[in-house]
Structures are given as C-alpha cells and as structure tokens.
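Each chain, written out:
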Amino acid sequence: MSRSDWMRVGGYGAAALCAVYGSMKLAQALGANALADKDPLPPELHERLVARDPLFVASHWVLAGVAAVGVVVALATVRPWGVAVPRRLLLALAWAVGIFMIARSVGVVGFGLVPDALRLAGVVAVPAEHAALARDLALWDLLLWSPFFLLWGTCWTTAALRLRRVS
C-alpha cells in the first residue's frame with residue numbers, strides 16, 4: 001500500500017468513527033444507556049445525564065446530527081464527489097475537528113489522558129463524597145474515551161494532510 005493509500009485511511013477512519021459515535025448518541029437520544037453513564041462529567045451534570053434531563057436528550061440528538069454531517073465531510077476528503085465541496089472549507093473543518101479531538105484526548109479541555117492520570121494518582125483532589133464516581137469516570141475516560149478521541153482526531157488530521165497534498 002502506498003503512502004497516499006494509507007493517508008486515505010484517515011478520511012475513511014474519521015467517517016467510520018463519526019458513524020460509531022453518532023450511532024451511540026442516537027441510541028442515547030432514543031433512551032438507551034449506551035455508555036451514557038460513563039461520560040466524564042462533573043457529578044451534578046452526571047446525575048442530570050443519567051436522569052435523562054431534557055437538555056441532555058436534546059444534546060444527544062444534536063450530536064447524532066453533527067456526527068452524520070461529519071460522516072459526509074470525512075468522506076468528502078477522500079471520495080471523487082468531494083471535489084464539489086470547496087477545498088478550503090474541507091481543510092478548515094478537518095484540521096479544526098482533528099486538533100480539537102486531539103486536544104480533548106490529551107486533556108486541554110479539563111478531562112483527558114493527563115487530568116485522568118493525575119486524578120487516579122491522587123495528585124488532583126476530588127471531593128470525598130464523589131471520590132468513587134470521579135475515579136470510575138476517570139478510569140473509563142483514560143481507557144476508552146481519550147484513546148477513542150485521539151484515534152478520531154488522528155484520522156481527521158491525516159485526512160486533512162492528505163487533502164492538503166492532493167491537488
């Protein structure tokens with residue numbers, strides 16, 4: 001497989017991960033638990049999420065829709081029909097989404113690999129009444145969500161690199 005072919009995997013990978021994430025959010029919007037109780041949120045928001053607060057249900061619908069758009073955008077970076085979309089727009093979207101997802105996975109937005117590791121090591125203090133929940137959510141984020149977002153962000157940035165090189 002040539003380097004160009006490997007870089008196409010980024011676009012297809014981003015589309016596949018958008019579909020996976022969107023399917024999970026759609027299932028949550030329709031009432032399934034589908035890992036909803038494993039979202040790394042502060043305790044008060046976590047309780048509202050598990051209780052199916054209307055705001056969270058609406059956010060699941062929005063995120064499912066955004067993920068569906070993400071599938072189309074990701075495929076536009078590698079499919080021939082993608083030339084109909086302005087290249088600069090595709091590049092901007094792919095770079096922005098990729099960088100955001102990588103930043104989220106590392107911990108720039110407050111949860112991710114670094115904050116989770118610090119929380120689990122006891123370096124970051126957690127209120128005693130929420131210590132068990134914080135540990136559980138940090139572990140789930142460290143082992144599932146952060147690697148997922150890192151892979152997803154890497155796929156998006158690879159798609160952007162390929163698109164930048166293709167004339």
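So, here is what we can say about the structure in this document. The structure displayed is predicted, hence computed values, not measured ones.

What counts and how
Residues numbered from 1 in each chain as written. Predicted model: local features only at pLDDT ≥ 70, side-chain atom pairs only at ≥ 80, totals over all residues. Heavy atoms only, no water. Helix = DSSP H or I, 4+ residues; strand = E, 2+ residues; numbered from the N terminus. Expected span 1.5 Å × (residues − 1). Buried < 20%, exposed > 50% of the residue type's maximum accessible area, 1.4 Å probe, protein only. Contact = heavy atoms within 4.5 Å. Core = buried A, V, L, I, M, F, W, Y, C linked by side-chain atoms within 4.5 Å. Axes fitted to C-alpha atoms, helices over the stretch in contact; angles between N-to-C directions. Parallel < 35°, antiparallel > 145°, perpendicular 65-115°, else oblique. Nonpolar A, V, L, I, M, F, W, Y, C, P; charged D, E, K, R; others polar.

## Looking at helix 4 (residues 87–106)
An α-helical turn contains 3.6 residues, so a residue and the one three or four places further along point in the same direction.
Logical step 1: With 20 residues, helix 4 should reach 28 Å at 1.5 Å per residue; the first-to-last C-alpha distance of 28 Å fits that figure.
Logical step 2: Among all positions of helix 4, only L90, L91, A94, G98, M101, R104 and S105 are buried.
Logical step 3: For helix 4, the secondary structure elements touched by its buried residues are helix 3 (54–76), helix 5 (113–121) and helix 6 (131–165).
Logical step 4: Two residues or fewer after helix 4 comes G107, characterised by a positive phi angle close to 125°.

## A few points about the environment of G107
Logical step 1: The topology assignment puts G107 in the loop between helix 4 and helix 5.
Logical step 2: Ignoring any residue separated from it by four or fewer positions in sequence, one finds G107 in contact with G112, L113 and P115.

## Overview of the nonpolar core
Logical step 1: Formed by 21 residues in total, the largest nonpolar core has its most connected members in Y21, F148, F149, W152 and W156.
Logical step 2: For this core, the elements supplying multiple residues, two or more each, are helix 1 (3–29), helix 3, helix 4 and helix 6.
Logical step 3: For this core, the element with the most residues is helix 6, which contributes eight residues.
Logical step 4: Among all residues touching F149, those that are not within four sequence positions of it are Y21, M101, I102, R104 and S105.

## A few points about the packing of helix 2 (residues 43–50) against helix 3
Angle between the axes and distance between the axes: these two values describe a pair of packed helices.
Logical step 1: Here helix 2 crosses helix 3 at 75°, and the two axes come no closer than 7 Å. The orientation of helix 2 with respect to helix 3, classified from their angle, is roughly perpendicular. Taken together, the residues of helix 3 that come into contact with helix 2 (itself represented by L45, R48 and L49) are L55, F56 and H60.
Logical step 2: Split by residue class, the contact of helix 2 with helix 3 holds four nonpolar, one polar and one charged.

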